[in-house]
Amino acid sequence: MRTEMVAAAEPFGTPLDFAAPPSAPASPRAPALSADTPSRAADRPALPASADPRQRWLDETWKPAAARQKERRARFATPSGLDTAPLYGGAPDGGFPGEYPYTRGIRPTMYRGRLWTMRQYAGFSSARDTNQRFKALLASGQTGLSTAFDLPTQIGYDSDHELASPEIGLVGVPINSLADMELLFEGIALGEVSTSMTINASASILLCMYVALCRRAGVAPDKIRGTVQNDILKEYAARGNYRFPAGPSMRLVTDLMSFANTHAPSWNTISISGYHIREAGATAVQEVAFTLANGRAYVQAALAAGLQLDDFAPRLSFFFNAHNHMFEEAAKFRAARRMWARIMREEFGARDPESWMLRFHTQTAGSMLTSQQPDNNVVRVTLQALAALLGGTQSLHTNSRDEALSLPTEESARLALRTQQILAHESGVADVVDPLGGSPYVEALTDELEARALALMKEIDARGGAVAAIEQGFMQREIHRSAMHWQREVESKERVIVGVNQFTAPEPPARIFKPDPSARDAVLADLARVRSSRDATRVAATLEAVERAAAGSANLLEAMLPAVEAYATLGEICAVLERRFGVYQAPDVL
């Protein structure tokens, strides 16, 4: 996406300069790999440290970081015993790892210091069943939880609502009250695990439930770690799981940011999501442009609400898609990181370097999974995951091979996690920071993607910004056009999809995972039990307080927290909000 090409590789220093942290001895077996041949390196005069930007980075940024927190190993080497340096190539834009604008990574040591969070998305049937899946994934080595909610929960309806009945527990876990959250996380150490929740229209209520649960477990506020998606704009643009109009929804977003600053200061208050935009058919350029335009709109809304930039900006996070074209995807992540850094520092004037950093979660592309020859999806997911790692993601979900057919079986979910673990421990991809950096191809892709995304963001600005562009249907129409273009290429076989329009073969019936249908009755029974056993007077009083807050300007989550602690349900709280806010009416975009 940016517009600089990388110069030829500069000469490296000695192995001692960067093959290991300062406390580790240099390897006696082999020198660090160099882009130069030994004869060329020997003939070339040594540059003073001040004239070698990479050596300056090693001395001033990498070595202090590696001293503060030791890298995973004292020595990184190939299977042949060749020591590997932390970094190869330069950074013409100044974006060395850990240095603005972070093109090559937000941390100096990246995966050499700490591997990415392996966070598999799970949720189905009931809180009890999902709790068992969570525990199985944690036992298999997963390092973070990611919660999928069913459709009624995402939109804010209780499971006994007439609109909810056909959807209970089908695509995620149903959560009606704090009692369900207690079941969902039973036996899980909340102070030791980070939890991601893919929830938007009702995100504020789910966060209140999680905070209430942590309080009861005695978890200190600064130990409550995780992310709530809380990105309503992409619901309007691409996904469709919205409830309230844009104005009140943006208020909920910024109220959540303010609430978390007090009650969960380590919580990522929003995951600004390109993932669903890409799943709807957008290109890589559109994914970056629309996502960062939405991010800019959230920053503007938070500032308008009176929040201080460097108080909330370090807790912003992003969520991107990893598609099939490995090189374009790696370049996309690098470009987005550089663009966001410049937006935050140069446009908004953020002073804290943490505010400049684009931290992001990646999920492999569900839209690229095929129901035909589903085992082929293992290969697709591996390539997509590799692209995310080459692009410097902070956490990763790898889709399961059978997700084009159904929710994943436990075996498929384990294989998806093993894919990440093999990449981490057997491929060598985690041993060098930004391994593709300096490649003329990848650097050119990075520059071109950025240039095109900036041009598209300029068009969004001309329409009045992201919210106006969505209300006009601009983003939606652009996504539809790209989706149609892709589909026509597949149908004409101009774009080959292995096992679908080329290389097909007869297949046996696939094994499909189906959630236990009896779980639906248990969910409804649990909800009825909560309604009959709670203090009805207390519930009514807390719901009245939520309505007063909605009618005024008080922080809505401060009113919601006592309501969820009284076991008011998700649907009851959303019904109160709907009476005050109304419902969103989508524009005609066809």
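You'll find the structure just up there.
An account of the accompanying structure is given in this report.

### What to know about the overall build of the protein
Here comes step 1: Counting its regular elements, the protein contains 24 helices and 9 strands.
Here comes step 2: Computed over C-alpha atoms, the radius of gyration of the protein comes to 25 Å, within 12% of the 25 Å expected from 2.2 N^0.38 for 590 residues, which places it in the range of a compact globule.
Here comes step 3: Principal axes of the C-alpha set define a box for the protein whose edges measure 85 × 60 × 50 Å.
Here comes step 4: Within the protein, the proportion of its 590 residues that are buried is 58%.

### Remarks on the side chain of Asn241
Here comes step 1: Along the chain, the position of Asn241 falls in the loop between helix 9 (232-239) and helix 10 (246-263).
Here comes step 2: One polar contact links Asn241 to Gln154, side chain to side chain, over a distance of 2.7 Å.
Here comes step 3: Once residues lying within four places of it in the same chain are set aside, the contact partners of Asn241 are Leu151, Gln154, Ile155, Ala201, Ile232 and Glu235.

### Here's the deal with helix 10
Here comes step 1: The end-to-end C-alpha distance of helix 10, which contains 18 residues, comes to 25 Å, matching closely the 26 Å that a straight helix rising 1.5 Å per residue would cover.
Here comes step 2: The buried count for helix 10 comes to 14 of 18 residues, which makes it a mostly enclosed element.

### Quick look at the environment of Glu167
Here comes step 1: Locating Glu167 in the fold gives a position in the loop between helix 6 (151-155) and helix 7 (178-184).
Here comes step 2: Overall, the relative accessible area of 25% leaves Glu167 in the partly exposed class.
Here comes step 3: Between the C-alpha atom of Glu167 and that of Leu151, which follows or precedes it by 16 residues, the distance is 6.5 Å.
Here comes step 4: What Glu167 contacts, discounting residues up to four positions off in sequence, is Asp150, Leu151 and Pro152.

### Describing the sheet that holds strand 7 (residues 316-322)
Strand pairing in a sheet relies on backbone hydrogen bonds, with the paired strands running either antiparallel or parallel.
Here comes step 1: Spatial ordering of the open sheet is given by 5-4-3-2-1-9-8-7-6, a layout of 9 strands whose pairing is parallel. Of all strands in the sheet, those with a lone pairing partner are strand 5 (267-268) and strand 6 (270-273), marking the two edges.
Here comes step 2: Relative to strand 7, strand 6 runs parallel, the two sharing 4 bridges. When the bridges of strand 7 are listed, Ser273 appears paired with Phe319.
Here comes step 3: Helix-sheet contacts for helix 8 (residues 203-216) involve strand 3 (195-198), strand 4 (226-228) and strand 5, and the interaxial angle to strand 3 is about 155°.

### Considerations on helix 12 (residues 284-304)
Here comes step 1: For helix 12, with 21 residues, the first-to-last C-alpha span of 30 Å sits near the 30 Å given by 1.5 Å per residue.
Here comes step 2: Here helix 12 lies mainly inside the structure; 18 of its 21 residues are buried.
Here comes step 3: After helix 12 finishes, the residue Gly306 shows a positive phi value of roughly 95°.

### Quick word on empty space enclosed by the protein
Here comes step 1: Scanning all chains against the criterion turns up 6 cavities of 30 Å³ or more.
Here comes step 2: Empty space within the largest cavity amounts to approximately 90 Å³.
Here comes step 3: In this structure, the largest cavity is lined by 16 residues; those nearest its centre are Tyr111, Leu389, Val432, Val433 and Asp434.
Here comes step 4: Put simply, the parts of the chain that give the lining of the largest cavity at least two residues each are helix 4 (110-113) and helix 16 (376-390).

### Points about a nonpolar patch on the surface
Here comes step 1: Together, Val496, Val498 and Phe503 make up an exposed nonpolar region whose accessible area comes to about 280 Å².
Here comes step 2: With respect to the helices, strands and loops of the structure, Val498 is situated in the loop between helix 20 (474-491) and helix 21 (519-533).

### With respect to the pattern of salt bridges
Here comes step 1: By the definition in use, this model includes 44 salt bridges.
Here comes step 2: One salt bridge connects Arg128 with Asp526, and the closest N-O pair in it is separated by 2.7 Å. Residue Arg128 is located in helix 5 (residues 127-139), and its partner Asp526 is located in helix 21; the two are separated by 398 residues in the primary sequence.
Here comes step 3: Taking the relative accessible area as the measure of exposure, Arg128 reaches 39% and is therefore partly exposed.
Here comes step 4: The exposure class of Asp526 is buried, given its relative accessible area of 10%.
Here comes step 5: For Glu578, the salt bridge is made with Arg243, and the minimal N-O distance between the two is 2.7 Å.

### Section: the packing of helix 10 against helix 12
Here comes step 1: At their nearest, the axes of helix 10 and helix 12 sit 9 Å apart, and the two run at 70° to each other. Of the possible angle classes, the one that applies to helix 10 and helix 12 is roughly perpendicular. Where helix 10 abuts helix 12, its residues Met250, Val253, Thr254 and Met257 lie against Ala297, Tyr298, Ala301 and Ala302.
Here comes step 2: Of the residues contributing to the contact of helix 10 with helix 12, the split by class is 7 nonpolar, 1 polar and no charged.

### Looking at the layout of surface pockets
Here comes step 1: Within this model, the second largest pocket holds a volume of roughly 840 Å³.
Here comes step 2: Residue lining of the second largest pocket: 33 residues in total, with Arg278, His323, Met368, Trp486 and Arg495 positioned closest to the centre.
Here comes step 3: Elements supplying a minimum of two residues to the lining of the second largest pocket: helix 11 (275-279), helix 12, helix 18 (440-462) and helix 20.
Here comes step 4: The element that contributes the greatest number of residues to the lining of the second largest pocket is helix 20, accounting for 7 residues.

### Here's the deal with unusual backbone geometry
Here comes step 1: Cis geometry marks the peptide bond from Tyr100 to Pro101, where omega comes out at 0°.
Here comes step 2: With respect to the element layout, Pro101 can be found in the loop between helix 3 (53-68) and helix 4.
Here comes step 3: Even without being a glycine, Met110 presents a positive backbone phi close to 45°.
Here comes step 4: Along the chain, Met110 turns up in helix 4.
Here comes step 5: By relative accessible area, which is 10% here, Met110 ends up buried.
Here comes step 6: Although it is not a glycine, Phe503 adopts a positive phi angle of roughly 60°.

Conventions adopted
Residues numbered from 1 in each chain as written. Predicted model: local features only at pLDDT ≥ 70, side-chain atom pairs only at ≥ 80, totals over all residues. Heavy atoms only, no water. Helix = DSSP H or I, 4+ residues; strand = E, 2+ residues; numbered from the N terminus. Rg over C-alpha atoms; globule rule 2.2 N^0.38 Å. Buried < 20%, exposed > 50% of the residue type's maximum accessible area, 1.4 Å probe, protein only. Polar contact = N/O pair within 3.5 Å; in protein donor to acceptor, adjacent residues only side chain to side chain. Contact = heavy atoms within 4.5 Å. Expected span 1.5 Å × (residues − 1). Pairing = 2+ DSSP bridges. Axes fitted to C-alpha atoms, helices over the stretch in contact; angles between N-to-C directions. 1 Å grid on protein atoms, 1.4 Å probe; cavity = no way out; pocket = protein on both sides within 12 Å on 5 of 7 lines; lining within 4 Å. Points joined across faces, edges and corners; volume = space filled by probe spheres on them. Patch = residues over 30% accessible without salt bridge, like charges linked within 9 Å, V, L, I, M, F, W, Y side chains within 5 Å. Areas by Shrake-Rupley, 256 points an atom, 1.4 Å probe, with all protein chains shown as cover. Salt bridge = Lys/Arg side-chain N within 4 Å of Asp/Glu carboxyl O. Parallel < 35°, antiparallel > 145°, perpendicular 65-115°, else oblique. Nonpolar A, V, L, I, M, F, W, Y, C, P; charged D, E, K, R; others polar.

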